[in-house]
Amino acid sequence: METTLTAASGTGSLTDTFAQFHDHLRLLHHLPDSDTGRERLRDEIICGCAPAARRVALRFRNRGEELDDLTQVATIGLIKAVDRYEPDRGVPFASYVLPTMLGEIKRYFRDRTWTVHVQRSLQELHLAVCRAVPELSQRLQRTPGVEDLAEYLHVPAEQVRRALDCATAYTAGSLNAPVGEDGAEGQLQDLLGDYDGEVEGLPDRDALFQAIDSLPERERRILHLRFVDCRTQTEIAEQVGVSQMHVSRLLTRALIVLRDRLTTDED
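Residues numbered from 1 in each chain as written. Predicted model: local features only at pLDDT ≥ 70, side-chain atom pairs only at ≥ 80, totals over all residues. Heavy atoms only, no water.

### Some words on the packing of aromatic side chains
Heads up, the condition is: Only rings of Phe, Tyr and Trp enter the pairing, Trp through its six-membered ring, and a pair is recorded when the two centres are within 6.5 Å. The plane angle decides the type: under 30 degrees is stacked, over 60 is edge-to-face, the rest tilted. Only DSSP runs of H or I with at least four residues qualify as helices, and only runs of E with at least two residues qualify as strands; both kinds are numbered from the N terminus onward. Only protein chains enter the area calculation, which uses a 1.4 Å probe; residues under 20% of their type maximum are buried, those over 50% are exposed, and those in between are partly exposed. Charges are assigned to positions over rings by a cutoff of 6 Å between ring centre and Lys NZ or Arg CZ, combined with an angular limit of 35 degrees from the ring normal.
Inspection of the entire model under this criterion finds three aromatic pairs. A ring pair is formed by Phe18 and Phe93, whose centres lie 5.7 Å apart and whose planes are at 85°; its orientation type is edge-to-face. Taken together, the positions of Phe18 in helix α1 (residues 14–19) and Phe93 in helix α5 (residues 93–112) put the pair 75 residues apart, joining distant regions of the chain. Taking the relative accessible area as the measure of exposure, Phe18 reaches 0% and is therefore buried. Seen from their ring centres, Tyr85 and Phe93 are 5.1 Å apart, and the 65° between their planes marks the pair as edge-to-face. Neither residue differs from the other here; Tyr85 and Phe93 are each classed as buried. Here the aromatic residues Phe18, Tyr85, Phe93 and Tyr96 are joined through ring pairs into a cluster of three or more. One residue, Arg226, lies across the ring of Phe227, its end atom 5.9 Å from the ring centre.

### So, a nonpolar patch on the surface
The condition that has to hold: In this analysis, a patch consists of residues with relative accessible area above 30% that form no salt bridge, clustered at 9 Å for like charges and at 5 Å for the nonpolar side chains Val, Leu, Ile, Met, Phe, Trp and Tyr. Accessibility throughout is a Shrake-Rupley quantity obtained with a 1.4 Å probe, and a residue counts as covered only by protein chains that appear here. We define a salt bridge as a side-chain nitrogen of Lys or Arg found within 4 Å of a carboxyl oxygen belonging to Asp or Glu.
The grouping of Leu175, Leu188, Leu191 and Leu192 at the surface amounts to a nonpolar patch, some 360 Å² of accessible area in total. Residue position: Leu188 is located in the loop between α8 (157–165) and α9 (202–213). The class of Leu188 is partly exposed, set by a relative accessible area of 32%.

### A look at the side chain of Arg42
Our working rule: Whether two residues touch is decided by their heavy atoms; if any such pair falls within 4.5 Å, the residues are in contact.
Within the secondary structure, Arg42 sits in helix α3 (residues 38–58). Residues contacting Arg42, with those up to four places away along its chain left out, are Leu28, Ile79, Val82 and Asp83.

### Some details on helix α10 (residues 217–227)
Definition in use: Arc definition: directions from the helix axis to the C-beta atoms.
Here α10 has its buried residues at Glu219, Ile222, Leu223 and Leu225. Down the axis of α10, the smallest arc covering the buried residues is 165°, so these residues share one side. The inward-facing, buried residues of α10 abut α11 (233–240) and α12 (244–262).

### Observations regarding the pattern of salt bridges
Side chains that differ in sign of charge can pair as their charged atoms come close. Applying the stated criterion to the full structure yields 15 salt bridges. One salt bridge in this structure joins Asp33 and Arg38, with 3.7 Å as the shortest N-O distance. Judged by relative accessible area, Asp33 falls into the exposed class, the value being 69%. Taking the shortest distance from any N to any O, the salt bridge between Asp83 and Arg42 comes out at 2.7 Å. Here Arg42 lies in helix α3 and Asp83 lies in helix α4 (residues 67–84), a separation of 41 residues in the sequence. A relative accessible area of 46% means that Asp83 is categorised as partly exposed.

Okay, here's the thing in C-alpha cells:
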C-alpha cells in the first residue's frame, strides 16, 4: 500500500481540512489489522490532522488552562475519532471528529479543573444555574432567588443550593494570601487553627463523664477531690466525714465501676 499525506494547513475551514483525509480514512477502515501498512497510515492521518486539533484547542485558550494541555486533550479526541470513524455510514469525517474533540476538551474542564472533586450532575447543574441567572434577572427585573431558579430549572430547591455551594470548589485560595488592608493582619495561614490532638479523645471523655454521672453523689465528690483538686485521702476523709480507710475503699470501688463500664469485650 502506498500513500502520501501532508500535514493539514493552518488556513481554511476545519471542515475542508478534515475532508481531504476522507479517502485515506476509508482505506484505513477497510485495511485488515494484519496489513503492515495500516499502522503507518493511521499515524500519518493523525499527524496530518494534528494542526487542526491545535486550532480547536485555541478556542479555549483564555480559560485558565495551558494551550499545550488543551492541544493534547484535543489530540486524544482526534485519535479516538480516527479509530472509531466508520466512513460507510456516509457521515463526513468533520461532522464526527469535531464533536469528539470538543467533547474531550469539555470533559477535561468538567472533570480536571475543579480543585475539589464534585459529582458530574452537580457540575452540570451549576453551569445550568449560571446560564439561568442572567436570563431570569432580566425577566424578573431582580436577582433570582433559589426558589426562582428551582422553578425555572425544574429541580428541587435543595439541589440548587448544592449547585451554588459547589462553585467554591472550582478554585482554591492561597494560604499565603494577605489578610486585611495591604496584608496588615498577616497571611491566611496565620488565621487557621492547628491540629488538636485531644479531638480524638472526645468520645472517650464523653463516655467517662456519663459513667461518672451514674455514680452515687458521695463517690462523685470523692473522685473530684482526689483527681481534680488533688487532695490526699486524709484531707478527703476530713471533708466527707468518714475514715481514711473508708475513702480508700470508696475510691477503689468507684474506679472498678468506671473501668467495667468503659471497657468492652472488644477492647
